[in-house]
Amino acid sequence: MRKLLFSFLLIIIFSTLGIIWGMYIYVEREGLPISKGVRIVKDFIKTKWQTVISKTEAPRETISPPRDTTIQSPEVKTSQETPITPTKIELRKPSRQVVKPQAQSLVDEGDELYAEGIKHLQNTFKKDNTFDTENDLAIEKFRQALQKYLEAEKIDTESLWLRNRIRDTNQNLITCRRQARRK
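Everything in this summary refers to the structure shown in the same document. (Residues numbered from 1 in each chain as written. Predicted model: local features only at pLDDT ≥ 70, side-chain atom pairs only at ≥ 80, totals over all residues. Heavy atoms only, no water.)

### As for the side chain of Glu 134
Then comes step 1: Looking at the element boundaries, Glu 134 is found in helix α4 (residues 131-155).
Then comes step 2: Put simply, Glu 134 is tucked away with no salt bridge, and the nearest opposite charge, on Lys 126, sits 6.3 Å away.
Then comes step 3: At 3.4 Å, the side chain of Glu 134 forms a polar contact with the side chain of Asn 123. (Helix = DSSP H or I, 4+ residues; strand = E, 2+ residues; numbered from the N terminus. Buried < 20%, exposed > 50% of the residue type's maximum accessible area, 1.4 Å probe, protein only. Lys, Arg positive; Asp, Glu negative; His and termini not counted. Salt bridge = Lys/Arg side-chain N within 4 Å of Asp/Glu carboxyl O. Polar contact = N/O pair within 3.5 Å; in protein donor to acceptor, adjacent residues only side chain to side chain.)

Below, the structure written as structure tokens:
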């Protein structure tokens, strides 16, 4: 019985620590102050607690507005070739200057190519008949972006952000190469 209680307490402690650590990572990534992160957690717990309480109370009859029951089906193309439709992605722009002004134009061009490469990489996750085309396009865009970033690195050798972006671009290239189908 003691072992069971001890195990249960350990699980509770580690779960709580995991949640706290996850919130800390979220707050750091979003650049929020700790107080705002605590408020987000409090609001979340408050709403969840209210839903638990409302479910345990006697159910009330409410009149809800009529639901739209029409189902719109997407148009299906029957041709052999499926068009390439990039998914929507939003890359966060850095809030402060991360490279020297002389290298900024190269970084901006590289960022555009990187964003296109990410779109094509995400399209490969569909695993449909456009996989090979999307993967090849992703490789091409990542190579072009890497070339721009390397040119910018020659101008600004001290930018940590630029080194990280070069590393990320290389990792995406490796992912594309690994998932490429043998022909």
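### Points about the environment of His 120
Then comes step 1: The residue His 120 is located in helix α3 (residues 101-124) in this model.
Then comes step 2: Judged by relative accessible area, which is 13%, His 120 ranks as buried.
Then comes step 3: For the pair His 120 and Thr 133, spaced 13 residues apart in sequence, the C-alpha to C-alpha distance is 8.9 Å.

### Thoughts on the packing of α3 against α4
Between two packed helices, the angle of one axis relative to the other and the distance separating the axes together describe the packing.
Then comes step 1: At a closest axis distance of 7 Å, the pairing of α3 and α4 adopts a crossing angle of 160°. Comparing the axis directions of α3 and α4 gives the class roughly antiparallel. As for how α3 packs across α4, the hand of that crossing is left-handed. (Axes fitted to C-alpha atoms, helices over the stretch in contact; angles between N-to-C directions. Parallel < 35°, antiparallel > 145°, perpendicular 65-115°, else oblique. Left-handed = near helix turned anticlockwise from the far one by under 90°.)

### Re α4
Along an α-helix, residues three or four positions apart point the same way, because every turn accommodates 3.6 residues.
Then comes step 1: Taking 1.5 Å as the rise per residue, α4 with 25 residues should run 36 Å; its terminal C-alpha atoms sit 36 Å apart, in good agreement.
Then comes step 2: Within α4 the residues assigned to the buried category are Phe 131, Glu 134, Asn 135, Ala 138, Ile 139, Lys 141, Phe 142, Ala 145, Leu 146, Tyr 149 and Ala 152.
Then comes step 3: Buried residues along α4 sit in contact with α3 and α5 (160-179). (Expected span 1.5 Å × (residues − 1). Contact = heavy atoms within 4.5 Å.)

### Here's the deal with the side chain of Asn 172
Then comes step 1: Within the secondary structure, Asn 172 is located in helix α5.
Then comes step 2: The class for Asn 172 is buried, based on a relative accessible area of 14%.

### Details of the environment of Ala 145
Then comes step 1: Assignment of secondary structure puts Ala 145 in helix α4.
Then comes step 2: Along the sequence, Ala 145 and Leu 113 sit 32 residues apart, while their C-alpha atoms lie 5.2 Å from each other.

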